[in-house]
Amino acid sequence: MKLLPHQGEGWDGGGVQFPNPIPTLALPLKGREQYFETVEAVTMEKLNAVSPAGLEAVEVKLSAPRLDDLNGKTVGEIWNGVFKGDATFPVIRKLLKARYPRLNLIPYTEFPHLPGNDHPKEQRERARHVATLAKEKGCVAVISGNGA
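Before going into details, it helps to say that this report is about the structure given with it. What you are looking at is a predicted structure, and each value in this text was computed from that prediction instead of being measured. (Residues numbered from 1 in each chain as written. Predicted model: local features only at pLDDT ≥ 70, side-chain atom pairs only at ≥ 80, totals over all residues. Heavy atoms only, no water.)

## A look at the nonpolar core
Ranked by size, the top nonpolar core spans 10 residues in total: Leu70, Val75, Trp79, Phe89, Leu96, Tyr100, Leu103, Leu105, Tyr108 and Ile143. If we skip the residues at most four places from it in the chain, Tyr108 touches Glu77, Trp79, Gly85, Asp86, Phe89 and Arg93. By size, the runner-up hydrophobic cluster in this structure holds 7 residues, among which are Ile106, Phe111, Val130 and Leu133. (Core = buried A, V, L, I, M, F, W, Y, C linked by side-chain atoms within 4.5 Å. Buried < 20%, exposed > 50% of the residue type's maximum accessible area, 1.4 Å probe, protein only. Contact = heavy atoms within 4.5 Å.)

## Brief notes about the pattern of salt bridges
Under the counting rule described, the total for this entry stands at 3 salt bridges. Across the salt bridge formed by Arg93 and Glu77, the nearest N and O atoms sit 2.7 Å from each other. Taken together, the residues Arg93 in helix α2 (residues 85–99) and Glu77 in strand β3 (residues 74–77) connect sequence positions 16 residues apart. Look at Glu77 and you get buried, because its relative accessible area is 0%. Note that Glu122 is salt-bridged to Arg126, the shortest N-O span being 3.7 Å. Of this pair, Glu122 and Arg126 both sit in helix α3 (residues 120–136), 4 residues apart, roughly one helical turn. (Salt bridge = Lys/Arg side-chain N within 4 Å of Asp/Glu carboxyl O. Helix = DSSP H or I, 4+ residues; strand = E, 2+ residues; numbered from the N terminus.)

Here you go:
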């Protein structure tokens, strides 16, 4: 076997520019099998790797099952003050009432404002408080996270 560098600066290998120099293998007609066996033996080595995805940091929970029909149900609107909920919720409300005339919607104005922050403990406490209020008001679902 003989290792040959490409021929000169920026050698064009059939329309593709390769950085210089890229070594190429010139294999004799006889003995190729031995070369490929050697490569296979080398590539079968086990390596330990760390996944870039990382480990699970939180317990995965499934969403509640979808409601079959919203007629006769009570649904609350939850807004954190971001991206024009004051403009989008009235449109969502109008479209849902047109489709489900017996739907009872509780507007976001009847729930405490939930501004986002970087304090997970406070966020969890606020979310629990709003969930309790929604249950007290008879909500079987809430609309949250509309917008951007």
